[in-house]
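So the chains spell out like this:
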Amino acid sequence: MLHGSLFQFIRYSCITYMIYKKLLEIQRKNITVEKDGTNPHFRSTYVTLNEVLEKIKKPLNDAGIVIIQTPELDGLATILCDTEDDTFIKSIVPYTGATDMQKLGGAITYARRYSLLAMLGLEDEDDDGNTASKPAKKTPSISEAVRGVGDMTKEDIDSLEF
């Protein structure tokens, strides 16, 4: 029995190798996605799902790989399937904070976009790592924050921005 399981594992590993080989060829194309969406509430930009799909669908399909994304009970499943040998890789991103249908729709769109970016090793146009690696700004203590408040004039207080 163990030998049969080992044979199945080796066979599966050899077959799975083909989809990985195809994904490597796609990664070698150095596909870059651009932050084309804006979020005025957070004053930030982000990569839209349309931008991701526009950049990856043709290279994947040319390699014989189809994208399947389906909502499941525990999260959004993203499957990249090689149509030539039926091997696939799968990722599930849980729905976080989806307490109503509108939030669920947003969570699904978010999961679709970022699961594809992660599975394909894509980078956006900006290196967010630079921002993330900057030292955090020191938050003043309460005593530091209120020091000198008594010396402020009405004009000083009116000029403060919140």
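Since the structure is predicted, the reported quantities are computational estimates derived from the model, not experimental observations. (Residues numbered from 1 in each chain as written. Predicted model: local features only at pLDDT ≥ 70, side-chain atom pairs only at ≥ 80, totals over all residues. Heavy atoms only, no water.)

## Here's the deal with the overall build of the protein
This is how it is decided: Per the convention used, a helix needs a DSSP run of H or I reaching at least four residues, while a strand needs a run of E reaching at least two, with both numbered from the N terminus. Think of it in three bands: residues with accessible area under 20% of the maximum for their type are buried, residues over 50% are exposed, and the middle band is partly exposed, with areas taken using a 1.4 Å probe on protein chains only. We call two residues contacting when some pair of their heavy atoms lies within 4.5 Å. Computed by Shrake-Rupley with a 1.4 Å probe, the accessible areas treat only the displayed protein chains as cover when residues are assessed.
Scanning the protein from N- to C-terminus turns up six helices and seven strands. The order of helices and strands in the protein, counted from the N terminus, is α-β-β-β-α-β-β-β-α-β-α-α-α. Per-residue burial for the protein yields a buried fraction of 27% across its 162 residues. Taking the intrachain contacts of the protein between residues at least 6 apart in sequence as the baseline, contacts between residues at least 24 apart amount to 48%. Of the accessible surface of the protein, which amounts to about 12100 Å², a share of 57% is contributed by carbon and sulfur atoms.

## Things to note about the pattern of salt bridges
Charged atoms that come close allow side chains of opposite charge to pair. Put simply, the rule reads: Salt bridges are counted wherever a side-chain nitrogen of Lys or Arg sits within 4 Å of a carboxyl oxygen of Asp or Glu.
Going through the model one piece at a time under the given rule, you end up with six salt bridges. With a closest N to O distance of 2.9 Å, D82 and K22 form a salt bridge. Taken together, the residues D82 in strand β5 (residues 75–82) and K22 in helix α1 (residues 2–27) connect sequence positions 60 residues apart. The class of K22 is buried, set by a relative accessible area of 14%. Here K58 ties to D62 by a salt bridge, and the two come within 2.9 Å at their closest N and O atoms. A residue pair is termed a helical-turn pair when its members lie 3 or 4 positions apart in one helix, as K58 and D62 do in helix α2 (residues 49–62) at four residues. Each of the two residues, K58 as well as D62, counts as exposed. Through salt bridges that share partners, K22, D82 and E84 make up one connected network.

## Focus: the environment of E34
As for its placement among the helices and strands, E34 is situated in the loop between β1 (32–33) and β2 (37–39). Each C-alpha atom, one on E34 and one on T48, is 8.5 Å from the other, the two residues being 14 residues apart in sequence.

## So, the side chain of D82
By relative accessible area, D82 is classed as buried at 0%. If we ignore the near neighbours within four places in the chain, the residues touching D82 are M18, I19, K22, G64, I65 and T87.

## Thoughts on unusual backbone geometry
Unlike most non-glycine residues, N30 shows phi in positive territory, near 50°. With respect to the element layout, N30 can be found in the loop between α1 and β1. With a phi close to 50°, R43 is a non-glycine residue in the positive phi region.

## What to know about the nonpolar core
Short version of the rule: The definition of a nonpolar core used throughout is a set of buried Ala, Val, Leu, Ile, Met, Phe, Trp, Tyr and Cys residues joined through side-chain atoms within 4.5 Å.
Membership of the largest hydrophobic core comes to 21 residues, with the highest contact counts inside it found for L23, I56, L60, I65 and L80. Secondary structure elements with two or more residues in this core: α1, α2, β4 (65–72) and α3 (101–120). Ranked by residue count, the leading element in this core is α2, at five residues. When residues no more than four places from it in sequence are discounted, the contact partners of I65 are I19, K22, L23, I26, L60, L80, C81 and D82.

## Comments concerning the packing of α2 against α3
Operational definition: For every element, the axis is a line fit to its C-alpha atoms; helices are fit only across the contacting stretch, and the angle between N-to-C directions ranges from 0 to 180 degrees. An angle below 35 degrees is treated as roughly parallel, one above 145 as roughly antiparallel, one from 65 to 115 as roughly perpendicular, and anything else as oblique. Crossings are classed by handedness, with left-handed meaning an anticlockwise turn of the near helix from the far one by less than a right angle and right-handed meaning a clockwise turn. Basically, the charged four are Asp, Glu, Lys and Arg, the nonpolar ten are Ala, Val, Leu, Ile, Met, Phe, Trp, Tyr, Cys and Pro, and anything else, Gly included, counts as polar.
Where α2 contacts α3, the axes come no closer than 10 Å and their chain directions differ by 45°. Relative to α3, the element α2 is oriented oblique. In the packing of α2 onto α3, the handedness of the crossing is left-handed. Residue-level contacts link L49, V52, L53, I56 and L60 of α2 to T109, R112, R113, L116, L117 and L120 of α3. Classifying every residue of the contact of α2 with α3 gives eight nonpolar, one polar and two charged.

## Observations concerning α3
Keep this limit in mind: Helix span, as expected, comes to 1.5 Å for every residue beyond the first. N or O atoms within 3.5 Å of each other form a polar contact, as long as, within protein, one can give a hydrogen and the other can take it, and as long as residues adjacent in sequence are counted only when both atoms are side-chain atoms.
In this model α3 runs 28 Å from its N-terminal to its C-terminal C-alpha over 20 residues, within 8% of the 28 Å that 1.5 Å per residue would give. Buried within α3 we find A107, I108, A111, R113, S115, L116, L117, M119 and L120. A side-chain oxygen of the first residue of α3 lies 3.1 Å from the backbone nitrogen of Q102; this N-cap is D100. Trailing α3 by a residue or two, G121 shows a phi angle of about 65°, which is positive.

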